Amino acid sequence: MKKLAVVYFGLPRNSSVCYPSVEKNFYAQVPDGFCVESFYHFYQQAFVDNPRSGERGALASENYQVFSGMKGQLETPGECLVSWPVAEIKRYGDAWKDEYKSFSNLIHQLNSLHRVTQQVRQYDPDVVVFLRPDLVYMDPFPQAAIHAVAAKPCAIYVPNWQWWNGLNDRFSLCGRSVYLAYGMRLEQALDYCGTSGRPLHAERLLRYVMAQAGAKLHTLDVRAARVRINGEIVDEEFSSKRSMGRRENRYAHAMASFRSALDRFYFGSRK
């Protein structure tokens, strides 16, 4: 039996809305023949203050409760900023130009991914799905993609929208040969900045790390929208064309879409 790990990272918001969408559009779609184990790493906090997104408000403890039966960890915000070479990475600039506030949020997200991936490593999964707990998932994950990733260890599926000249980092399906690179990519943040000469950037870092890992890129036609602390669902842009950027990125997207079409053909009839 194949082993599948479901991985949550970051900060849970509005779990009463977001988690049922995961139950419906992921857990209920897992094919027969997979053993499923769920993991999380979250930050323990009672208040959210994010000027970039306009969020400011209390974070109810109930948001954590739906994950209580899973294997996981809670961490105090801020600790990760002294655990990684943040000062060295900052020397390459502030991509968001907001006095490193968004930069700090990204370090927290990448640290959360790193910590939970360390837990998953001991499980030795064949397939890993990385999910943000503050998204409402609008479409079912295709069973063909799950089968394909189980059969092709170097495969990674990412959403086909909002690549921002890199790769969408909201959620993914990863094979056993590339999930560590995806989940522990903060280890390569300084290398990315030094190689590119650019400030740390979420989507571009992911593209760099996946290329270094030899990942075979595929696209997911699954939409997911962020849910703010006040319950507002963000009006997302799901067009793939608007955020592709450079010609090489558009070519990579075309090849990834072609691989996905082949997977639907070969694995689409499996249950």
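Our subject is the structure listed above.
### Here we look at the packing of helix 5 (residues 143-151) against helix 9 (residues 247-267)
Any two packed helices are characterised by how steeply their axes cross, that is the angle between the axes, and by the distance between the axes.
Now for step 1: Relative orientation of the contacting elements helix 5 and helix 9 amounts to 95°, with a least axis distance of 9 Å. On the basis of the axis angle, helix 5 is roughly perpendicular to helix 9. Facing helix 5, whose interface residues are Ala144, His147, Ala148 and Ala151, helix 9 presents Asp263, Arg264 and Phe267.

### Overview of the nonpolar core
Considering soluble globular proteins, one finds that nonpolar side chains tend to be buried as a cluster.
Now for step 1: In terms of nonpolar packing, the biggest core is built from 81 residues, with Tyr8, Phe26, Phe141, Phe171, Leu173 and Leu200 touching the most fellow members.
Now for step 2: No other element matches helix 4 (residues 101-123), which puts 8 residues into this core.
Now for step 3: With residues near it in sequence (within four places) discarded, Phe26 still touches Leu4, Val6, Ser21, Val129, Phe141, Ile146 and Leu173.

### So, the side chain of Thr117
Now for step 1: Summarising the element assignment, Thr117 is placed in helix 4.
Now for step 2: Under the relative-accessibility criterion, Thr117 is labelled buried at 0%.
Now for step 3: A polar contact of 2.6 Å, which involves the side chain of Thr117, links it to the backbone oxygen of Leu113.
Now for step 4: In contact with Thr117, other than residues within four places in its own chain, are Phe130, Tyr179, Leu180, Gly183 and Met184.

### A few points about unusual backbone geometry
Now for step 1: Unusually for a residue other than glycine, Glu99 sits at a positive phi of about 60°.
Now for step 2: For Glu99, the position within the fold is in the loop between helix 3 (86-90) and helix 4.
Now for step 3: The phi angle at Gln162 is positive, at roughly 50°, despite the residue not being glycine.
Now for step 4: A relative accessible area of 8% means that Gln162 is categorised as buried.

### Overview of the sheet that holds strand 5 (residues 71-75)
Now for step 1: Strands sit in the order 5-2-1-6-9-8-10 across an open sheet of 7 strands; the sheet is mixed. Edge positions in the sheet fall to strand 5 and strand 10 (216-220), since each has one partner strand and no second. When the angles between neighbouring strand axes are averaged without regard to direction, this sheet yields 20°.
Now for step 2: One ladder, built from 5 bridges, connects strand 8 (residues 155-159) with strand 10; its direction is parallel.

### Looking at the packing of aromatic side chains
Now for step 1: Scanning the entire structure with this criterion turns up 20 aromatic pairs.
Now for step 2: Arranged with centres 6.4 Å apart and planes meeting at 50°, the rings of Tyr8 and Tyr19 form a pair that is tilted. Taken together, the residues Tyr8 in strand 1 (residues 2-10) and Tyr19 in helix 1 (residues 15-25) connect sequence positions 11 residues apart.
Now for step 3: Seen from the ring of Tyr100, Lys90 lies directly overhead, with NZ or CZ sitting 5.0 Å from the centre.
Now for step 4: Sitting above the plane of the Tyr182 ring, Arg185 keeps its charged end 4.5 Å from the centroid.

### Digging into the pattern of salt bridges
Proximity of charged atoms lets side chains of opposite charge pair with each other.
Now for step 1: Within this structure, the stated rule accounts for 9 salt bridges.
Now for step 2: The residue Lys101 makes a salt bridge to Glu99 at a minimum N-O spacing of 3.2 Å.
Now for step 3: Residue class for Glu99 comes out exposed when judged on its relative accessible area of 66%.
Now for step 4: Here Glu236 ties to Arg170 by a salt bridge, and the two come within 3.3 Å at their closest N and O atoms. One end of the pair, Glu236, is in the loop between strand 11 (224-226) and helix 9; the other, Arg170, is in the loop between strand 8 and strand 9 (172-175), with 66 residues separating them in the sequence. With respect to class, Glu236 is no different from Arg170; both count as buried.

### Section: the side chain of Arg170
Now for step 1: Overall, the relative accessible area of 6% leaves Arg170 in the buried class.
Now for step 2: Here Gln162 takes part through its side chain, which lies 3.1 Å from a polar atom of the side chain of Arg170.
Now for step 3: Not counting the four nearest positions on each side in its chain, Arg170 is found in contact with Phe9, Phe130, Arg132, Leu135, Trp161, Gln162, Ala224, Arg226 and Glu236.

### Some details on helix 1
Now for step 1: Listing the buried residues of helix 1 in full gives Ser15, Cys18, Tyr19, Ser21, Val22 and Asn25. The buried residues of helix 1 occupy an angular sector of 155° when projected down its axis, which confines them to one face. Of the exposed residues in helix 1, those oriented more than 90 degrees away from the buried face are Ser16 and Lys24.
Now for step 2: Tucked inside the fold, the buried residues of helix 1 contact strand 1, helix 2 (62-65), strand 6 (127-131) and strand 7 (135-137).

Parameters at a glance
- Sequence order as written defines the numbering, with residues in each chain counted from 1.
- For this predicted model, a pLDDT threshold of at least 70 governs which residues receive local features, and a threshold of 80 or more governs which side-chain atom pairs are given and counted, while totals over whole chains, interfaces and linings are taken from all residues.
- As a rule here, side-chain values come from all non-hydrogen atoms in the structure, and water together with hydrogens is ignored.
- Axis geometry follows a simple rule: fit a line to the C-alpha atoms, using only the stretch in contact for helices, then measure angles between N-to-C directions, giving values from 0 to 180 degrees.
- To qualify as a helix, a DSSP run of H or I must reach at least 4 residues; to qualify as a strand, a run of E must reach at least 2; elements of each kind are numbered from the N terminus.
- Roughly parallel means an angle under 35 degrees; roughly antiparallel, over 145; roughly perpendicular, 65 to 115; everything else is oblique.
- Pairs of residues are marked as contacts when any of their non-hydrogen atoms sit within 4.5 Å.
- Throughout, nonpolar core names a set of buried Ala, Val, Leu, Ile, Met, Phe, Trp, Tyr and Cys residues whose side chains join them through atoms within 4.5 Å.
- Only protein chains enter the accessibility calculation, which uses a 1.4 Å probe; a residue is then buried when its area is under 20% of its type maximum, exposed when over 50%, and partly exposed in between.
- Polar contacts here mean pairs of N or O atoms no more than 3.5 Å apart (in protein, one a potential hydrogen donor and the other a potential acceptor; neighbouring residues in sequence count only if both atoms are side-chain atoms).
- DSSP-based pairing: two strands are paired if at least 2 bridges between them are found.
- A pair of Phe, Tyr and Trp rings is counted when the ring centres sit within 6.5 Å of each other, with Trp represented by its six-membered ring. The angle between the planes then sorts it: under 30 degrees is stacked, over 60 is edge-to-face, the rest tilted.
- For a Lys NZ or an Arg CZ to count as sitting over a ring, it must be within 6 Å of the ring centre and within 35 degrees of the ring normal.
- Salt bridges are defined as contacts in which a side-chain nitrogen from Lys or Arg sits within 4 Å of a carboxyl oxygen from Asp or Glu.
- Along the arc lie the directions from the helix axis toward the C-beta atoms.

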